[in-house]
Amino acid sequence: MSKPQRLHPAAIIFNFIRILREGIYAIILGFITFRGVSFMYFILALAVILILLITISILTWYRFTYRIVEDELRIEYGIFVKKKRFISKNRIQSIDLTAGVIHRIFKLVKVEIETAGSGSGAEGSLKAVTLAEGERVRSKLKKTGLEQEEMDMEVEIPPQPSFTVSFKRLFLAGSTSGSVGIILAFFFFGFSQLEQFIPESYYKNTLAWIIGSSITLIIGLGIIVLVLLWLFGIAGTMIKYGNFTITKNDNELFITRGLLEKKQSTIPLSRIQAVGIQESMIRQPLGYVTVFAEVAGGVANKGDDFSTVLFPMMKKAEVNAFLGEILPEYAVQQDEMTALPGRAQKYYVIRALLPLLLPLAAVLYFIPRFFWIPVILMILSWVIGNLRFRAGGYHIADDCLIVRYRTFNKITMIMYHKRIQAFERMQHLMHRKEDLATVKLSIIGVSGSGKHYTLKELAVADADQLADWCSYRD
Amino acid sequence: MAIMRYDGQDKKSGGIKMRQPPANTIARDAIKAWKITSAIFIGVLWLLTIAWFIVTMVFSFLYWYVTIAVIVCLLFTYVFVFLLPKLRWRRWRYEVFDQEIYIQHGILIVSRTLVPMIRVQHVDTKQGPILRKFQLASVTISTAATTHEIPALLETDASDLRDRISTLARVDEDDV
């Protein structure tokens, strides 16, 4: 127990990959610069550098030890400068176990220990330990320590509420994911960069061939590319959320997900600030939603949109049953919303159209032939502005507040009075004349930052109602 | 804590707690302090314009542009040095209750904020060289999600306020 332990030797590989990734640009740059005469020297230098890197990787592994002493995790590391980091058990917010592709070959996991400290990256990280060891570390460092282990045995008897996403649903989630657009953008960006690497004559010939061939062929190619991108989107969702399972233990949620990289994370219930229901534009007509939570502290996962997904894809009608099992206090009726007053509509429409006025003028002036592009965009914006207006609303049920709004996706947030950090009411001149007010609610977000929800152009009476609800004064 | 129960009856009457602006204004000298601060920034603008004017004279460029620049400078001086500080002061109000802090500010967009006392994490007082000249200080109130500043209070008021808020905020939280 108190004996310092090393990571699994596979950690050397991870160290090596990490260092290599940081230095890869220098190597590629060198490769391009020394392509000519001094290429031999470059290869030689590269070999030396590689040997050096491998040595550093091994030393890093050799010097990295950890042990659990009483209520602390003690990590010692550093090749030349010896560094020690002690993390007290009481300060640990969450312990995540992740297994990437390489991890899974060796049956290993990465243990990430997060405290409340701000900043990105976990405070303590064991890059590669065996699964059994990872679970041992986690159970030792859990807040309740010994009790927890006893609990684990008892808990087997009553079934814990647990939900797993079905393959069919996940497939549907992938095929309706908005990431298609993002991948498309990347694809075009990549293509425009690719030009530089393809020999010019080849590129020109291909281009001439494409232009020479019939319109149907071009359209056909376009459709094939789109279908491919769509399939990529499905694969991405499958890999990220494959085998998604959420289980409720007595005071925490336990989430396992990932097809290639397996990720297990624990969310203490007390850290959940609000629960949200997202209806994306594509999924809304199908009646599917994503349920997520705003969790205080913790680390903003790169690539994720800062919120913790509680369930990637479910029917809207199932949400309350789901929340009833997982987070009973958030299972509230979301139907009778107080809508925005009709006089707010014009603000929403104007706000949606305003950014397009300048491009419209520019297109009309410079290339009047293409005037239909901004016109179509303006019609779309008008529709979105109206949809935003229609989505906006709130509902108060005792000490629980439901706020609904839309940017592109319709989002319904459920939050409790005790979670609200500040309430703001804003009015400009026009608002004052028309008895409208904009309202902003703040709760705690990830990494010590705030998360703010703005409801624009409520009726003043409604805004004041909300203010009274938020107020602690008698 | 007292939570308003909403029964859906008095909906159209609206709330009452935010209908009135907060009671206290900030120190009158804030106007002078703000005037000096913006005068410094506008002064830089004037210097640039004068430099431009000299360049125009020496190389006999067109006087058109520099004339426009001078007019813009004059306008900015009026708006930022003479007009806005007064308006800003008139709008700035605050009130500290036992349970919460109530702040109003903003010239074009009037914003009223409620900060629950038990959500306050820490309070700071701050004083730059210009505020010090007028024996003023600003108070910054931080929650886990937001920061709010009451600018330019009399030094004694600011430290009293800081102490008061920090005492009131010293309530055990159930959980975060």
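Residues numbered from 1 in each chain as written. Chains lettered and ligands numbered in written order. Predicted model: local features only at pLDDT ≥ 70, side-chain atom pairs only at ≥ 80, totals over all residues. Heavy atoms only, no water.

Helix and strand counts for chain B stand at 4 helices and 7 strands. Buried residues in chain B amount to 38% of all 176 residues. Contacts spanning at least 24 positions in sequence make up 51% of the contacts within chain B whose residues lie at least 6 apart. (Helix = DSSP H or I, 4+ residues; strand = E, 2+ residues; numbered from the N terminus. Buried < 20%, exposed > 50% of the residue type's maximum accessible area, 1.4 Å probe, protein only. Contact = heavy atoms within 4.5 Å.)

This part is about the interface of chain A and chain B. In this assembly, 39 residues from chain A lie in contact with 39 residues from chain B. Interface of chain A and chain B: buried area, both sides summed, is about 3,700 Å²; carbon and sulfur atoms make up 51% of it. Per-residue buried area on chain A facing chain B is highest for Asp468(A), Tyr472(A) and Arg473(A); these three make up 23% of the total on that side. At the boundary of chain A with chain B, the tally comes to 1 salt bridge. (Buried area = accessible area lost by both parts, 1.4 Å probe. Salt bridge = Lys/Arg side-chain N within 4 Å of Asp/Glu carboxyl O.)

For the rest of this paragraph, the subject is the domain arrangement of chain B. All names here are of chain B. Domain boundaries in chain B define domain 1 (30-88) and domain 2 (93-168). The C-alpha centroid of domain 2 is placed 32 Å from the C-alpha centroid of domain 1. With 10 residues of domain 1 at the interface, the matching set in domain 2 holds 7 residues. Summing the contributions of domain 1 and of domain 2, the shared interface buries around 660 Å²; its carbon and sulfur component is 91%. The largest contributions to the domain 1 side of the interface with domain 2 come from Ala30, Ala33 and Ile36, which together make up 46% of the buried area. Where domain 1 packs against domain 2, one counts 0 salt bridges. At the junction of domain 1 with domain 2, the criterion picks out 0 residue pairs in polar contact (both at pLDDT 80 or more). Secondary-structure elements contributing two or more residues to the side of domain 1 that touches domain 2 are α1 (30-59) and α2 (63-91). In terms of residues, the side of domain 1 that touches domain 2 owes the most to one element, α1, which gives 7 residues. Class assignment of the residues belonging to the side of domain 1 that touches domain 2 gives a composition of 7 nonpolar, 1 polar and 2 charged. (Domains from an automatic or database assignment. Polar contact = N/O pair within 3.5 Å; in protein donor to acceptor, adjacent residues only side chain to side chain. Nonpolar A, V, L, I, M, F, W, Y, C, P; charged D, E, K, R; others polar.)

This next bit is on the side chain of Ser381(A). Tracing the backbone through its elements, the reader meets Ser381(A) in helix α12 (residues 372-391). Filtering out sequence-adjacent residues up to four positions away, Ser381(A) remains in contact with Ala352(A), Leu353(A) and Leu356(A).

Within the largest apolar cluster, 35 residues are counted, with the highest numbers of intra-cluster contacts made by Leu401(A), Met413(A), Met415(A), Ile420(A), Phe423(A), Leu441(A) and Leu466(A). Of all the elements in the fold, those that place two or more residues in this core are α11 (345-366), β16 (393-397), β17 (400-406), β18 (410-416), β20 (436-444), β21 (450-459) and α14 (460-470) of chain A. Take this core: its biggest share by element is 6 residues, from α14(A). Beyond its immediate chain neighbours, meaning those up to four positions away, Ile420(A) contacts Leu401(A), Met415(A), Leu441(A), Ser442(A), Ile443(A), Trp469(A), Cys470(A), Pro116(B) and Arg119(B). (Core = buried A, V, L, I, M, F, W, Y, C linked by side-chain atoms within 4.5 Å.)

On to the sheet that holds β16(A), then. All names here are of chain A. Reading across from one edge, β14-β13-β12-β18-β17-β16-β15 is the order of the 7 strands in this open sheet, with antiparallel pairing throughout. In the strand order of this sheet, the two ends are held by β14 (308-315) and β15 (338-339), each with one partner. As judged from the 5 bridges shared by β16 and β17, these two strands associate in the antiparallel manner. The residue bridging His395 from the neighbouring strand is Ile402, located in β17. With respect to the sheet, α12 is in contact with β16, β17 and β18, its orientation differing from that of β17 by roughly 170°. (Pairing = 2+ DSSP bridges. Axes fitted to C-alpha atoms, helices over the stretch in contact; angles between N-to-C directions.)

Residue and element names in this part refer to chain A. Of note, the phi angle at Asn243 is positive, near 55°, even though the residue is not glycine. Note that Asn243 resides in the loop between α9 (215-241) and β9 (245-249). Asn243 gets classed as exposed once you look at its relative accessible area, which sits at 52%. The backbone of Asp398 sits at a positive phi, close to 55°, despite the residue not being glycine. Along the chain, Asp398 turns up in the loop between β16 and β17. Classification of Asp398 as partly exposed rests on a relative accessible area of 38%.

Let us now look at the packing of aromatic side chains. Residues and elements named next belong to chain B. Per the counting criterion, the structure on display carries 12 aromatic pairs over all chains. With centroids separated by 5.9 Å and ring planes inclined at 20°, the aromatic side chains of Phe59 and Phe61 adopt a geometry described as stacked. According to the relative accessible area criterion, Phe59 is exposed, its value standing at 53%. Using a relative accessible area of 48% as the deciding quantity, one classes Phe61 as partly exposed. (Phe/Tyr/Trp six-rings, centres within 6.5 Å; stacked < 30°, edge-to-face > 60°.)

Turning our eyes to something else, we now look at the pairing of strand β6 (residues 136-143) of chain B. Residues and elements named next belong to chain B. Judged by how many residues are buried, β6 sits mostly within the fold: 8 of 8 residues are covered. In β6, alternate side chains face the same way, and those of Leu136, Ser138, Thr140 and Ser142 on one face and Ala137, Val139, Ile141 and Thr143 on the other are all buried. Where strand β5 (residues 120-126) meets β6, 6 bridges bridge the pair, whose relative direction is antiparallel. Pairing of His122 across the sheet is with Ser142, part of β6. What sits between the antiparallel neighbours β6 and strand β7 (residues 147-154) is a turn of 3 residues.

Take the sheet that holds strand β8 (residues 162-164) of chain A next. Within a beta sheet, neighbouring strands are joined by backbone hydrogen bonds and run either parallel or antiparallel to one another. All names here are of chain A. In space, the 7 strands of this open sheet follow the order β7-β6-β5-β11-β10-β9-β8, with antiparallel pairing throughout. Of all the strands in the sheet, just β7 (124-130) and β8 have a single pairing partner and so form its edges. In this sheet, neighbouring strand axes are inclined to one another by 15° on average, regardless of whether the strands run parallel or antiparallel. Pairing geometry for β9 and strand β10 (residues 252-257), over 5 bridges, is antiparallel.

Attention shifts here to the pattern of salt bridges. Counted under the stated rule, the structure contains 16 salt bridges over all chains. Note that Asp29(B) and Lys32(B) form a salt bridge whose closest N and O atoms lie 3.3 Å from each other.

For the rest of this paragraph, the subject is the packing of α1(B) against α2(B). Think of two packed helices as two axes; the pair is described by the angle between the axes and how far apart they sit. All names here are of chain B. Interaxial distance between α1 and α2 falls to 9 Å at its minimum, and their mutual angle equals 180°. Between α1 and α2, the crossing angle belongs to the class labelled roughly antiparallel. Residues belonging to the contact of α1 with α2 are distributed by class as follows: 23 nonpolar, 4 polar and 3 charged. (Parallel < 35°, antiparallel > 145°, perpendicular 65-115°, else oblique.)

Once that is clear, we can look at the packing of α11(A) against α12(A). Residue and element names in this part refer to chain A. The contact between α11 and α12 brings their axes to 8 Å, and the two run at 165°. In terms of orientation, α11 lies roughly antiparallel with respect to α12. Every pair of crossing elements has a handedness; the one defined by α11 and α12 is right-handed. In contact with Gln345, Tyr348, Val349, Ala352, Leu353, Leu356, Leu357, Leu360 and Val363 of α11, α12 contributes Pro374, Val375, Leu377, Met378, Ser381, Trp382, Gly385, Asn386, Arg388 and Phe389. In the contact of α11 with α12, the residues fall into 14 nonpolar, 4 polar and 1 charged. (Left-handed = near helix turned anticlockwise from the far one by under 90°.)

Time to look at the confidence of the model for chain B. Residues and elements named next belong to chain B. Within chain B, residue pLDDT values average 86, and 89% of them lie at 70 or more. Of the regions scoring below 50 in pLDDT, residues 1-12 engages in 23 contacts with residues more than four places distant in sequence or in other chains. Both scores are given for the predicted complex: the pTM is 0.76, the ipTM 0.84. (pLDDT = per-residue confidence, 0-100.)

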